[in-house]
Amino acid sequence: MAVLVIANFALPSLHLVLWSAIGYASVGAILLGIHLHKPRRRAPWLLLAGAVACFITGDLIADVLTRLLHRSGFPSLADAFYLTVYVLIAAAMVWLYRLGVVRRDLGGLFDAITLTAGLGLLSYIFLIRPYVDNPGLSTLDRSISIAYPLADIVVLLVGARLIASVRLNTAVGLLAAGGIGLLSSDVGYGLHQLAGGWATGGPVDIGWAAFYVLWGVAALHPSMRQLTEPQVQRGFEERLGRLLLLGMSLFIAPIVLFVEMRGGRVRDAAAIAAVSALLSGLVLLRLGRAVRAQRLTVQRERRLRSAGAALLMATDTDAVARTVHAAVAELLPPGRSYAVALGPALETKVSMPYTSTLDPAVAAKLGAFEVALCCPLALADGRAAERALYVASDEVVLVGLQEAAQILATQAAMALERIALGEEVGRRNSEAYFRTLVLNTADVILIVGDDDLVRYASPSAQALFGSDLVDRPLPAAFADESAAEVARRLTEVRTGDNDRPGKDLQVTGPDERPALVEATFRDLRGEPTVRGVVVTLRDVTERSRLQAELYQRATFDALTGLPNREVFLTRVQEAVASGAETGATVGVLIVELDDFKVVNDTFGHGAGDALLVAVGQRLTEALRAVDGSYGAAGTVARLGGDEFAALVRRAGTSADVERVAERVLQSFTAPFELAHGTVGATASIGVSTTAEAATAQELLRHADLAVYVAKDAGRDRWRRFESSLHSAVVERHKLRADLDRAIADRAFLLHFQPIVTLADDRTRGFEALVRWDHPTRGMVSPDEFISVAEESGLIVPLGAWVLTNAITAAAQWRIAYPDEEIYVSVNVSARQFRTPDFAQWVLAEIDRMGLPPGGLLLEMTESLLLHDDGEVTGELAALRQAGVRIAIDDFGTGFSSLSYLRRLPVDVLKLDKSFIDTVVSSTEQHAVVDMIVQLARILKLQVVAEGVETAAERDLLVTMGCDHGQGYLFSKPLSYGDASQWLSQDASGPQRGGRTAA
């Protein structure tokens, strides 16, 4: 490249060829340097190569246009390549700055801006303003002409920022010199262009030639790799040359102002003022940074003093590591991720190695960070450090932590040295106490000779064996079942084998008390002070007892003594594996008690626990009774709560497993005699066999599904798993998910069925009935989704929505028809009643809508009253005291009892449709309904007959004295609009059957 430069100036006629060769040789040199030295990050150097390539390409295009084609080279395609050069150079400089090899201090940025501002003012005066003021240039010519000096200013800024921050080396100096050559030639070219005297081959080309040559050499020099390598940075020092350069930059604006004033006209006052203001601001920022740096230094020193104090209190290596870790966290900027480790030292000085090159144990602790800061734990006496402090984090953070980490490492080294000295002193002192420890230890220490006789026994041997062991054969001191084991282990250690401890050894202590001991045998016959086999015995009797107790608790149910779920699953797995080999059928029964909560609520939890114990015993007896009849019955386990399981290990067929389930179900026929009294209980049983399942998990899952179906079918029965059950359960779960979304979206409809006075067909109220128009299923029956809502708890938000909308409708009807005193009847579930403050919420809703309390009738089922624990009664009393009426829905279908009719606050009985359907055709049903109506009259309760569909049913109910009825004879459920129209017709006094909505 040097030869080409000399030839270029010596042979002007070959300028085009030689100059192009210089530029592309520079590109090749940069690419070769990247290939040879393999920097950690190649992208910045590739950007520099691209910048040089664009520059020489622009030169080539310009020379071809001017020299060969004799056309103007400005503006042209060459300008696009020239301007791209500065973009690539700026990007490369910024990238090198961001790689972490620089000091990220704002001082370097302020200094770079200061220098750039001063030189930028000169560039504006001599290079930019002449183009701005030149009226002969087009907008494009003027823009491109101004872009060049502006690009030089940007390159100067990022270049000065990089040079001010990196650790200087040969490659950095070559890049800086080449950059100065580039900027100098650009300035010279601009001035010659303004003067109209530019020609190639002149002195201006020297700067560009230096740019090509020096950047190529910089890439070829090995120091180029250091620009992208993590390095230890020394403290920032203000150098005299740097301060002089900054001072000269500060005086540029005043000098320019002075020169223009002497010339009689200040043409650049605005630019001078702007630059002066900028420089003043930079000076203030520089001072502020110095103050902040001093404050941070004080904080760092305070944290290091605190860490030093904590290290003085550390008593072991782990404490030192924890203290160092906490100190690093304090020294790092908040929110930065990091890792700390103590490990073997790699170097004698502070360094920043790659994490992958460190000891594997240290690298594992440092995680995925690429670079770590290594600070050897060296002492002031000059001894080489054996360990080092490693801190891994972002490179920028590590550069700022270097000095503080080195100080912290020195403090940690002193702490570790102090601990090591203390341990050595302790070790030497411990030798003096060894005899005292041996004489007073609870462990038994024996020395046995080659003849198996005990030559020495510590005093604790007397307490364990009850007699003196000296001169007795050691095997004879143990129980018969352990004597051979002791002899075997003595022989093995004497032949050089490692001691192989077996199970605990048994000894017979004082008063014939058996004990278990843990033994260790060591051959120390080569030790002059011992010359025998040292046997150490530790009494583990209590530990073994606790282990057995813990095993019992971990594997068996504490209440019933039956195996728990984990043990049961293991035994099912073993049975399945055995059945696969023998071809036997394995069955699993899941047994769940029906209405177990009723027992707890009625008799108390003590009775519930006693019932669970009795159920476990009865299940065990039932399986023992069928063992061998239908296959080998196996484990009975309690899975949790009121859920039990039974395993049939080897059944001939699935029918045999079903017979076992039938036998187990029959065992619940007899009541359970408990201390709390006689308790009857039934169970629902789910059955699964290996005919439908291949693994233990599938057997349990299938049995769970089957017991779910058994409960849904009415309880007190068993069901065997079938493939259709899984589909039904999946479908039910899907319905539940759809129901959840429908409640969130309020995708329900509320219909109203009129409740009329049977004597005159006048409307007294409406029963609110919820409807669900499913987007894909169509209209879903309440019988399908209400049970799902009850099981999942979704009935609470759904019921709240129904109540709110029903109260709103009733309030609006009261306003529209004040003389009718219309009420609305709403079904309420047990879950709703047990919602905290349910009564207060209902009263607040009717008060908010302005509905009189008598305008709301709440319906409940008999089962809710039967299982009432006092909470529901309290809520009912509060509602009824406020004026809300209460009805028993489907009366007569559940556990009807005169007792709760007398003691509960009830206003209305609703006869179930099943009574009304046969009241005309059945004399027995007629008598039952008549009795209920008369009973209601005696108790002063109103009766509403549900499902009235014929005139004969209505007339018969009237003769019995039934007050009200509802059903398709009068009207089907109506939408809110149709119900309002119904009321309008009713208020106008139509004849019976004349309503259009019926």
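Residues numbered from 1 in each chain as written. Predicted model: local features only at pLDDT ≥ 70, side-chain atom pairs only at ≥ 80, totals over all residues. Heavy atoms only, no water.

Student: In this structure, what is going on with the overall build of the protein? I would like to understand it.
Tutor: Secondary structure summary: the protein contains 33 helices and 24 strands in total. Within the protein, the proportion of its 998 residues that are buried is 46%. Taking all contacts inside the protein whose residues are at least 6 apart in sequence as the whole, residues at least 24 apart take part in 67%. For the protein, the computed accessible surface area is about 48500 Å², with 58% contributed by carbon and sulfur atoms. (Helix = DSSP H or I, 4+ residues; strand = E, 2+ residues; numbered from the N terminus. Buried < 20%, exposed > 50% of the residue type's maximum accessible area, 1.4 Å probe, protein only. Contact = heavy atoms within 4.5 Å. Areas by Shrake-Rupley, 256 points an atom, 1.4 Å probe, with all protein chains shown as cover.)

Student: Teacher, can you tell me more about the nonpolar core here?
Tutor: One recurring pattern in soluble globular proteins is that nonpolar side chains are buried together. Trp45, Phe55, Ile89, Tyr212 and Trp215 are the most contacted members of the largest nonpolar core, which has 53 residues in total. Counting residues per element, the ones that place at least two in this core are helix H2 (15-37), helix H3 (43-68), helix H4 (77-98), helix H6 (139-165), helix H7 (170-195) and helix H8 (204-220). Excluding its chain neighbours within four sequence positions, the residues that come into contact with Trp45 are Ile30, Ile34, Pro39, Leu175, Ala218, Ala219, Met224 and Leu227. Membership of the second largest hydrophobic core comes to 50 residues, among which are Ile743, Trp801, Phe833 and Leu851. (Core = buried A, V, L, I, M, F, W, Y, C linked by side-chain atoms within 4.5 Å.)

Student: How should I be thinking about the packing of H2 against H3 in this particular structure?
Tutor: Across the interface, H2 lies against H3 with an axial gap of 9 Å and an inter-helix angle of 170°. Compared by their axis directions, H2 and H3 come out roughly antiparallel. Class assignment for the residues of the contact of H2 with H3 results in 17 nonpolar, five polar and three charged. (Axes fitted to C-alpha atoms, helices over the stretch in contact; angles between N-to-C directions. Parallel < 35°, antiparallel > 145°, perpendicular 65-115°, else oblique. Nonpolar A, V, L, I, M, F, W, Y, C, P; charged D, E, K, R; others polar.)

Student: How should I be thinking about the sheet that holds strand S3 (residues 387-392) in this particular structure?
Tutor: One key point about sheets: their strands pair by backbone hydrogen bonds, in either a parallel or an antiparallel sense. With antiparallel pairing, the three strands of this open sheet are ordered in space as S1-S3-S2. Lying at the two open borders of the sheet, with one neighbouring strand each, are strand S1 (339-344) and strand S2 (372-376). Within this sheet the neighbouring strands show an average axis-to-axis angle of 25°, counted without direction. One ladder, built from five bridges, connects S2 with S3; its direction is antiparallel. (Pairing = 2+ DSSP bridges.)

Student: Looking at this structure, how should I read the pattern of salt bridges?
Tutor: Tallied over the full model, the rule gives 28 salt bridges. Asp443 is the partner of Arg538 in a salt bridge, and the nearest nitrogen-oxygen pair spans 2.8 Å. Within this pair, whereas Arg538 is found in strand S8 (residues 533-539), its partner Asp443 is found in the loop between helix H13 (395-440) and strand S4 (444-448), the two being separated by 95 residues in sequence. Residues participating in the shared-partner salt-bridge network are Glu767, Glu859, Lys910 and Glu946. (Salt bridge = Lys/Arg side-chain N within 4 Å of Asp/Glu carboxyl O.)

Student: Could you clarify how one ought to interpret the side chain of Gln832 in this entry?
Tutor: You can see Gln832 is positioned in helix H25 (residues 830-833). A polar contact is formed between the side chain of Gln832 and the backbone nitrogen of Ser829, at a distance of 3.1 Å. Apart from residues lying up to four places away in sequence, Gln832 is in contact with Ile795, Val796, Gly799, Ala800, Leu803, Asn827 and Phe838. (Polar contact = N/O pair within 3.5 Å; in protein donor to acceptor, adjacent residues only side chain to side chain.)

Student: What am I meant to see in the pairing of S1 here?
Tutor: In the case of a regular strand, side chains alternate between the two sheet surfaces. Counted residue by residue, S1 has five buried out of six residues, so it is predominantly covered. Of the strand pairs in this sheet, S1 and S3 are connected by six bridges, and their pairing is antiparallel. If you follow Ala341 over to S3, its bridge partner there is Tyr390.

Student: Help me understand the packing of helix H17 (residues 565-582) against helix H21 (residues 696-712), please; the structure alone is not making it clear to me.
Tutor: For any two helices packed against each other, the geometry is given by the interaxial angle and the distance between the axes. It is the contact of H17 with H21, at a shortest axis distance of 8 Å, that shows an interaxial angle of 115°. Contact residues: H17 offers Phe568, Leu569, Val572, Gln573 and Val576, while H21 offers Ala696, Gln697, Leu699 and Leu700. For the contact of H17 with H21, the per-class residue count stands at seven nonpolar, two polar and no charged.

Student: Explain the packing of aromatic side chains here, please?
Tutor: Any two aromatic rings considered together are summarised by their centre-to-centre distance and by the angle between their planes. Tallying each qualifying case throughout the model produces 16 aromatic pairs. Aromatic pair Phe211 and Tyr212: ring centres 5.4 Å apart, planes at 45°, arrangement tilted. For Phe211, a relative accessible area of 0% gives the class buried. Three or more aromatic residues link up through ring pairs in this structure, and these residues are Trp19, Phe55, Trp208, Phe211, Tyr212 and Trp215. Residue placement shows Arg885 over the ring face of Tyr823; its charged tip is 4.5 Å from the ring centre. (Phe/Tyr/Trp six-rings, centres within 6.5 Å; stacked < 30°, edge-to-face > 60°. Lys NZ or Arg CZ within 6 Å of the ring centre and 35° of its normal.)

Student: Help me out: how do you make sense of unusual backbone geometry in this one?
Tutor: Trans peptide bonds make up the majority, and among non-glycine residues the majority have a negative phi. Positioned with a positive phi, Lys38 is a non-glycine residue whose angle comes to about 50°. Here Lys38 lies in the loop between H2 and H3. In this structure, Arg531 takes a positive phi of about 55° despite not being glycine. Structurally, Arg531 is set in the loop between strand S7 (514-523) and S8.

Student: Mind showing me how you'd approach H21 here?
Tutor: Structural remark: α-helix, 3.6 residues per turn; residues separated by three or four positions point the same way. Between the first and last C-alpha of H21 there are 25 Å, a value that for 17 residues agrees with the 24 Å anticipated at 1.5 Å per step. Three or more residues of H21 are buried, namely Ala696, Leu699, Leu700, His702, Ala703, Leu705, Ala706, Val707 and Ala710. (Expected span 1.5 Å × (residues − 1).)

Student: Please clarify how a nonpolar patch on the surface should be interpreted in this entry.
Tutor: Residues Leu250, Phe251, Ile255, Phe258, Val259, Val283, Leu284 and Leu287 make up a contiguous nonpolar surface patch of roughly 790 Å² in combined accessible area. Among the secondary structure elements, those contributing two or more residues to the nonpolar patch are helix H9 (240-262) and helix H10 (269-313). The element best represented in the nonpolar patch is H9, accounting for five residues. If you trace the backbone, Val283 turns up in helix H10. Val283 gets classed as partly exposed once you look at its relative accessible area, which sits at 37%. (Patch = residues over 30% accessible without salt bridge, like charges linked within 9 Å, V, L, I, M, F, W, Y side chains within 5 Å.)

Student: Even after reading the chapter, I still don't get the environment of Ala327, so can you show me in this structure?
Tutor: For Ala327, the position within the fold is in helix H11 (residues 317-331). Using a relative accessible area of 9% as the deciding quantity, one classes Ala327 as buried. Once residues within four sequence positions are removed from consideration, Ala327 is found in contact with Ala307 and Leu408.

Student: Help me understand the sheet that holds S7 in this model?
Tutor: Pairing in this open sheet of five strands is antiparallel, and the strands run S5-S4-S8-S7-S6 from one edge to the other. Across the chains shown, the open sheet's two edge strands, defined by having one partner strand only, are strand S5 (454-457) and strand S6 (505-508). Across the sheet, the mean angle from the axis of one strand to that of its neighbour is 35°, orientation sign disregarded. Inspection of the sheet shows S4 paired to S8 by five bridges, in the antiparallel sense.

Student: Looking at this model, I keep getting lost on the confidence of the model for the protein. Mind explaining?
Tutor: Should the pLDDT be low somewhere, the predicted coordinates at that spot are not to be read in detail. Confidence in the prediction of the protein, expressed as mean pLDDT, is 80, and 85% of residues score 70 or more. Across residues 990-998 the pLDDT falls below 50, and counting only partners more than four positions away or on other chains, this stretch makes 21 contacts in the model. (pLDDT = per-residue confidence, 0-100.)

Student: For this particular structure, what's the right way to read helix H20 (residues 654-666)?
Tutor: Taking 1.5 Å per residue, 13 residues should reach 18 Å; H20 reaches 19 Å between its end C-alpha atoms and fits that length. Buried within H20 are the following residues: Ser654, Asp656, Val657, Val660, Ala661, Val664 and Leu665.

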